[in-house]
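What follows is each chain in one-letter form.
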Amino acid sequence: MLQWVFLLFFTLIFSVVFTLMSPKPQDSSFSAESIKKQGGGMFGVEWATLIKVFFGGNAFIAMFVLALITIFLFKEGGQFFPQYRKDMQLYRSSGQEFVGLLKKEVDQFDSLQKELNQVQVKILTDLYEEGKEWEEVTKLTAPFQAFVQTAGASADPLRNVVKEAIDVTVAAKEKVVVNYTRRGITGIDLTTLMTDEESAASLKLSRDTVVEMMPRIEEAHKAFRQNLETTLSSIPVVELLAAREALDTYVKSAEDFLKEIPKFNKKLENYNPERPYTMFQTFTGFLFGSQWTTNSSWQDFYGIWPLLSGSLLVTSVALFFAVPIGIFAAVYVNQVATPQEQNLIKPYIEFISAIPSVVIGFFGVMVFGESLRALSQLDSLAWVPFFPLSERLNAFTAGGLLALMAVPTIFTLAEDALNNVPKAFTEASEAMGATRWQTIWRIQIPTALSGIISAVLLGFGRVIGETMVVLLCAGNRIAVPNVSEGFGTFFEPVHTMTGIIAQEMGEVVPGSIHYRALFCVGIFLFFLSLLINYVAQVIVRRYKISAG
Amino acid sequence: MTNSTLLKTFAIAGALALGTSAIAAEKIVIKGSDTLGAKMVPQIAEAFKAENPDITFEIAAEGSSTGVKAIITDMADLGMSSRDVREKEIAEAKSNGVDMQTIVVAKDAIAVIVNEKNPISKLSVEQIGAIFTGKIANWAGIGGKPGDISGYTRNTSSGTYKVFQSLAMNKEDYGDQTQKMAGNEAIASEVANNENGIGYVGLAYIDTPGIKVVMVNGVAPSNESVNDGSYVLARPLYYLSNGEPTGLAKQFVDFSLGPKGQKIVSDIHFVPVN
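Residues numbered from 1 in each chain as written. Chains lettered and ligands numbered in written order. Predicted model: local features only at pLDDT ≥ 70, side-chain atom pairs only at ≥ 80, totals over all residues.

**Thoughts on the overall build of chain A**
Helices and strands together make up the secondary structure of chain A, namely 22 helices and two strands. Taking all 548 residues of chain A together, the buried fraction comes to 33%. (Helix = DSSP H or I, 4+ residues; strand = E, 2+ residues; numbered from the N terminus. Buried ≥ 20, exposed ≤ 12 C-beta atoms within 10 Å, placed from the backbone.)

This is how it looks when you write it as structure tokens:
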């Protein structure tokens, strides 16, 4: 690492020295150089050269620091992919992936059980609306609650097998890792895994053990089916209409699930744990993976999609508010306002960018989020489908505050773009008889459009890179937002790319996969911002209407 | 400069150098868990400093994992950990020639809190596990008032996060609908403001207005129930050191385990071990 720093530093020194060493004009020859010579100077070098070196040196320092940051970022983040691939290879070779398939089946059953819980919700809500108290409700619904419990317990045979398989595979994986750390090998080298007999043997044993559990898994599946069928044959009668409908939906889903069980079995039988885990799978796993699980006792997954979708959701809310406000304010201030209004409004809006982001975040948590939730709980607004809100920290709170922060950026740049519209255009338009408003809407805004678009893009870049506000206000739920709720999606808590780096960086162990994964998220953000800035510049250059 | 002035300058410089190193205070470097390092260890350090004025402390509380790493790489005199040291970490220590020792300095109970308006006041460990793994998503599922459960947890690098996973959730992953908050105070504040909220905090935060503590398997958290093992969500808090602590570190550990240190432990609502 240090050698890179020295290399770049020496480049800087070398360039300075080279400039100083460049041949100087002869004193006595009568040439253009000697006429231009200013005379004086230090260390035998003229003032002109010294000034050039000084300003050039400053530019070099800025570029040097940027190069340093970029190199460091890529060096750390780039090492993530090989390390992650080896980790996932271990996940596969220890048999954990096989057990993972089983776990997925149990998870699907849990979702089914949640549908049954929805029936409970309906029954209980109805009883509470009748005005009954909690103890009475509990007594009345006791038989149904008992039914729900037994329904949930039908997957227990499978759960027990899964638990055993988990213990076997995790123990095997731990043993391999301990084996390497004991010998001073940190990080798992796949080539070593292949040649190290002891570790390869232990992994093979674990793989074979779980695959050999297939007969027991089949038996567990059989018991599971029986339990589920018994449950379905003993559904209690429910009086409430809404609850009955929900119960019918559950019964249908349960019957579909019953048909799926043999398919799960087949999938497990056809699973091949000997396949290698490719680099391509690692890349797609990172870029499109929908799970970001860290510090887990089972397996860490690093998929950026929940964080990316959270960032995009928050950004879309922010731009939805900031773009109209910023652009229309710019139009007003530039074209319509009186000079006194201009002198008042412009500095005021630009002052917003002086407020520290952590103060805005704090305001968001304490005031904005809380009042939004209180507003949603008003009876007069109960017609809105996703009101009342249960979370005060969500994407909308964060987006609203980020809109506040993006408005000055968009406003200033849009106003500059409008200013640069040549006066000749305005005068020509008014000479043709257009009204003020027609001039603004048809001539000035289209002319300034490239600048306005670039302003919006830079606002986007500002918002997507903002950390403190989203960390405090966005709710920090690491899951892909559930779009089935329509507009309610905007009121879900989300986590963002910048937020996850800020939240997890402070306590992560340097050099671990988690540490490098966070750097990868940083690289992704870096490329995103680079792309936005590039597109903004291209748009400005291509669509700029020449003033002459 | 003349020879005598030069000599005088060197003499003064040398004296200053020696003098500063003599006045330089002795330092104890402690790194690790935020549970210990936020209040308990700084307060014990203050009390220790009151008795030994020329000792300074450098306390960095960035998570139990950083404490273990600091002892393995010899970057600290003492480590703080709110979780057990894993076998992998003990192996890594051995390969670095470090003998990882743990010293129990206090016990911490993790209290499960709900909003005070929530009618539920007792939960079994299985139910708590089902809630935080996401298997039960509605309070109606365990007989409470219908409402979507809002689970608040610590962030993923926290020792408490990990310990709760192994004590209450059978080492399963947290449900993906849980929200990761920055610290105990944030969790308490969110639960106090959300009728459907549930979370877990250390014993120091159970007096926050607006929340109530749930009985786990019928037992409420207290010094007695933690010490006799009937409250299951309890964990020991450790000092970590390379071999038996010696010198200043030993003095500090003895002070922490002595009457003054343990009094501070109980003032902060941890459970004293002596």
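Picking up where we left off.
**Considering the overall build of chain B**
A count of helical and extended segments in chain B gives 11 helices and 12 strands. Here the C-alpha radius of gyration of chain B, 23 Å, is well above what a compact globule of 274 residues would show, namely 19 Å. Contacts spanning at least 24 positions in sequence make up 74% of the contacts within chain B whose residues lie at least 6 apart. (Rg over C-alpha atoms; globule rule 2.2 N^0.38 Å. Contact = placed C-beta atoms within 7 Å.)

**Re the environment of V470 of chain A**
All names here are of chain A. With respect to the helices, strands and loops of the structure, V470 is situated in helix α20 (residues 468–473). Taking the C-beta count within 10 Å as the criterion, V470 has 34 such neighbours and is therefore assigned buried. Sequence-wise, V470 and T498 are 28 residues apart; in three dimensions their C-alpha atoms are separated by 7.9 Å. Every residue in contact with V470, bar those within four places of it in the chain, is listed here: V314, A398, T496, T498 and G499.

**Let's talk about the interface of chain A and chain B**
The interface of chain A with chain B comprises 39 residues on the first partner and 40 residues on the second. Residue assignment for the side of chain A that touches chain B shows that the elements contributing at least two residues are α5 (96–129), α6 (134–153), α7 (156–182) and α21 (497–505) of chain A. The greatest single-element share of the side of chain A that touches chain B, amounting to eight residues, is contributed by α5 of chain A. Its residues assigned to classes, the side of chain A that touches chain B comprises 12 nonpolar, 17 polar and 10 charged. (Nonpolar A, V, L, I, M, F, W, Y, C, P; charged D, E, K, R; others polar.)

**A few points about the nonpolar core**
Membership of the largest hydrophobic core comes to 132 residues, with the highest contact counts inside it found for A165 and V521 of chain A together with A109, V112 and I113 of chain B. The contact partners of I113 of chain B, leaving out residues within four places of it in the chain, are A188, V191, G199, Y200, V201, I206, I211, K212, V213 and V214 of chain B. (Core = buried A, V, L, I, M, F, W, Y, C linked by C-beta atoms within 7 Å.)

**Structural notes on the environment of A201 of chain A**
Residue and element names in this part refer to chain A. One can find A201 in helix α9 (residues 197–211). Using a count of 10 C-beta atoms within 10 Å as the deciding quantity, one classes A201 as exposed. Sequence spacing of A201 and V176 is 25 residues, and the spatial spacing of their C-alpha atoms is 9.8 Å.

**Looking at the confidence of the model for chain A**
For chain A, per-residue confidence averages 84 on the pLDDT scale, and 89% of positions sit at 70 or higher. By mean pLDDT, helix α8 (residues 190–195) of chain A is the weakest element of chain A at 48, and helix α13 (residues 305–336) of chain A is the strongest at 94. (pLDDT = per-residue confidence, 0-100.)

**Comments concerning the pairing of strand β3 (residues 78–81) of chain B**
All names here are of chain B. Residue alternation in β3 divides its side chains into two sets, L78 and M80 and G79 and S81, and both sets are buried. Inspection of the sheet shows strand β1 (residues 26–32) paired to β3 by three bridges, in the parallel sense. Paired with K31 across the two strands is G79, which belongs to β3. Where β3 and strand β11 (residues 234–242) come together, three bridges link them in antiparallel fashion. Bridge pairing links S81 to Y238 in β11. (Pairing = 2+ DSSP bridges.)

**Notes on unusual backbone geometry**
Trans is the prevailing form of peptide bonds, just as negative phi is the prevailing case for residues other than glycine. Residue and element names in this part refer to chain B. In this structure, D74 takes a positive phi of about 60 degrees despite not being glycine. Tracing the backbone through its elements, the reader meets D74 in the loop between α4 (64–72) and β3. By C-beta crowding, D74 is classed as exposed, having 11 other C-beta atoms within 10 Å. For N217, which is not glycine, the phi torsion reads 55 degrees and is therefore positive. Exposure remark for N217: the 15 C-beta atoms within 10 Å place this residue in the partly exposed category.

**Digging into the confidence of the model for chain B**
Within chain B, residue pLDDT values average 86, and 91% of them lie at 70 or more. For this predicted complex, the interface confidence reaches an ipTM of 0.72, while the overall pTM sits at 0.79.

**Focus: the environment of D87 of chain A**
With respect to the helices and strands, D87 of chain A occurs in helix α4 (residues 80–93). Overall, the presence of 19 C-beta atoms within 10 Å leaves D87 of chain A in the partly exposed class.

**A few points about the packing of α13 of chain A against helix α19 (residues 449–464) of chain A**
Packed helix pairs are specified by the crossing angle of their axes together with the interaxial distance, meaning the distance between the axes. Residue and element names in this part refer to chain A. At a minimum axis distance of 10 Å, the contact between α13 and α19 shows a crossing angle of 140 degrees. When the axis of α13 is compared with that of α19, the two are oblique. In the crossing of α13 with α19, the sense of the turn from one axis to the other is right-handed. Listed contacts from α19 to S311, T315, A318, L319, A322, V323, G326 and I327 of α13 are I452, V456, G459, F460, V463 and I464. Each residue belonging to the contact of α13 with α19 can be placed in one class, and the counts come to 10 nonpolar, four polar and no charged. (Axes fitted to C-alpha atoms, helices over the stretch in contact; angles between N-to-C directions. Parallel < 35°, antiparallel > 145°, perpendicular 65-115°, else oblique. Left-handed = near helix turned anticlockwise from the far one by under 90°.)

**Section: helix α16 (residues 395–419) of chain A**
All names here are of chain A. Across its 25 residues, α16 extends 35 Å between first and last C-alpha, which sits within 8% of the 36 Å expected from 1.5 Å per residue. By the largest-angle criterion, A406 marks the main kink of α16, which is about 35 degrees, and a proline, P408, follows within four residues. Here α16 lies mainly inside the structure; 22 of its 25 residues are buried. (Expected span 1.5 Å × (residues − 1). Bend = angle between axes of the 7 residues up to and from the residue.)

**So, the packing of helix α10 (residues 214–233) of chain A against helix α11 (residues 241–269) of chain A**
All names here are of chain A. Interhelical geometry of α10 versus α11 gives an angle of 175 degrees and a closest axis separation of 11 Å. Comparing their axes, α11 and α10 come out roughly antiparallel. Contacts from M214, I217, E218, H221, F224, R225, L228 and L232 in α10 reach V251, A254, L258, I261, N265, L268 and E269 in α11. Grouping the amino acids of the contact of α10 with α11 by side-chain chemistry returns 10 nonpolar, two polar and three charged.

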